[in-house]
Amino acid sequence: MNKVIKMKHPHYLPALLIGTLTAGSTISQAADSVSVGIDQRQSLGITLYNQNLALIREVRDLPPLKSDQVVTIKDVSKQLQPETLRIKNAGTILEQNFNSRLLSQQALLEYYLNKELKLARTNPATGEEVINTVTLLSIAGGQALVARNNSVETIPLNSQWRFIFPSRPDKLLTQPSLTFRSQGTSAPQPAQISYLSSGLSWNMNYVLTLNDKGDRANLSGMATLNNNSGSSYPNTHVQLMAGIVSQVQQPHRLYKSAPREVMAAMADAPSTSPVQMEAFHLYQLPQKVDLDTGQQKQISLINSDKLAIERRFHHEFYVGAHQDSQKHRVKPSLRLSFKNGEKEGLGQPMPAGSIRVFRPDAQGALQFIGGSNLNHKAKNDPVEITLGQAFDLSIQRQQTQFTKTYSGHIVAQEVRVSNAREQPATLVLKANFGQQWEIENSSLPFEVLNSGRAQWTIKVAGKSDQLLNFSVHLKERK
């Protein structure tokens, strides 16, 4: 029999229905089970990696456990990787489970397949709501099949029809949880729980602020913590692992080595000074932080206000054993560089990240003038930042000789560097040769790099040109 309910405000019903479900959301447990929530949490620590990965460690107080008793650990990461779960100091573990089937419309519909539930529809003209008892037969392709009064009907999902579920099944959770059984313990003790989780990561962002002259700068390095895991982590000890760790691809294998190393290093990292971890560096943030879900948090990690900046233009070109009649005109790139040393207020490993450069204009307002990505920099490494192509500096290059010899070819080049600026400029020019080579003559001093390239450092006065002529013997391969 159909039941007609007249409602003046039918749009309130979904909210009332949700409230009814939430009120009964306590997970039912057997009499001999134990439920452990965040009130029993003693400590929480997270190590963030650069690659959508985090190691979560926490300690929770457990009461004495009976043998084979079911223990439920609430409030864990929604993106927990079950194969990495480790539980210590809770007796010999017999079984552990990650329960991640959460309450949703799809999960409820699947649970109530071949069961009775109510179907409601509101007449938009009269405001009357008709409620029928039906049997859910199937759900597929945005449609539900229901049986009613010895007939079968199709109902479009997410339409004006609503399903009213008799109750919330105990197995459908509002939050994921862990359960385990052990051989029991004789006294209360703190259990150590650790696992890897997706949805969390960190990256480094640097800001370099030049002075008026552009010869000195301040550097600020901010670690950006990203939490897209769907879970929040309040009052957390946070560590940052700089470097790309290799992850196990097979889901049945346990990730063993890194968690033990990181947990051992946690007590020995009292500040932001990095700790060497195999081929990586581990940073400990000095204060606890709150990592809320969906949050992007920035923490100051590296700072210096005494960087001496070197400004140079760079260009690299190839010289081959072939005739070239073209005139090559290019603009060199501008690079700023400084040393990652103690004298510069740094002198510690700098994690890879992005760096953005700002400089005040004539009115003192900061302007963004370029940026680039940085690789990991070790102590005392040079740090180079490419800002972009030069505006007032240009290079014109052409081949002036191509001669065959008994052992190869003689190739000569003329390079003219023009500086339209008032200020002098320094250009680092590199020539790359595709075979064994030897410079026969050069109008300017050069050096041979370890990579087998020739390099000239050319200083060009303001409003002037500088000319480079050189010839190279390109030797044939034997």
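In the block above lies the structure referred to throughout.
Cut-offs applied
- Residues numbered from 1 in each chain as written.
- Predicted model: local features only at pLDDT ≥ 70, side-chain atom pairs only at ≥ 80, totals over all residues.
- Heavy atoms only, no water.
- Pairing = 2+ DSSP bridges.
- Helix = DSSP H or I, 4+ residues; strand = E, 2+ residues; numbered from the N terminus.
- Axes fitted to C-alpha atoms, helices over the stretch in contact; angles between N-to-C directions.
- Patch = residues over 30% accessible without salt bridge, like charges linked within 9 Å, V, L, I, M, F, W, Y side chains within 5 Å.
- Areas by Shrake-Rupley, 256 points an atom, 1.4 Å probe, with all protein chains shown as cover.
- Salt bridge = Lys/Arg side-chain N within 4 Å of Asp/Glu carboxyl O.
- Buried < 20%, exposed > 50% of the residue type's maximum accessible area, 1.4 Å probe, protein only.

Draft legend 1. Examining the sheet that holds strand β13 (residues 177–182) more closely. Read across the sheet, four strands follow the order β2-β5-β13-β7 without closing on themselves; strand pairing throughout is mixed. Each edge of the open sheet carries a strand with a single partner, namely β2 (34–36) and β7 (93–99). Adjacent strand axes in the sheet meet at a mean angle of 20 degrees, parallel and antiparallel pairs treated alike. Sheet analysis places strand β5 (residues 70–74) next to β13, joined by five bridges and oriented antiparallel. Looking at the pairing, Val-71 lines up with Phe-180 of β13.

Draft legend 2. Geometry of the pairing of strand β25 (residues 353–360). One ladder, built from six bridges, connects strand β15 (residues 200–210) with β25; its direction is parallel. Bridging from a neighbouring strand, Val-207 pairs with Arg-356 of β25. Note that β25 and strand β26 (residues 366–374) share eight bridges and pair antiparallel. What sits directly across from Phe-358, in β26, is Phe-368. The loop that links β25 with its antiparallel partner β26 comprises five residues; one of these, Gly-364, has a positive phi angle of about 90 degrees.

Draft legend 3. Structural context of a nonpolar patch on the surface. Residues Leu-137, Leu-145 and Val-152 make up a contiguous nonpolar surface patch of roughly 230 Å² in combined accessible area. Within the secondary structure, Val-152 is located in strand β11 (residues 151–156).

Draft legend 4. Fine view of the pattern of salt bridges. Scanning the entire structure with this criterion turns up 13 salt bridges. Note that Arg-181 is salt-bridged to Glu-95, the shortest N-O span being 3.2 Å. Separated by 86 residues along the polypeptide, Arg-181 in strand β13 and Glu-95 in strand β7 bring together distant segments of the chain. Measuring nitrogen to oxygen at the nearest pair gives 3.4 Å for the salt bridge that ties Glu-438 to Lys-475. Of this pair, Glu-438 sits in strand β31 (residues 437–442) while Lys-475 is found in strand β34 (residues 464–475), placing the two residues 37 residues apart along the sequence. Given the relative accessible area of 43%, Glu-438 is considered partly exposed. One salt-bridge network, held together by shared partners, links Arg-41, Glu-58 and Arg-60.

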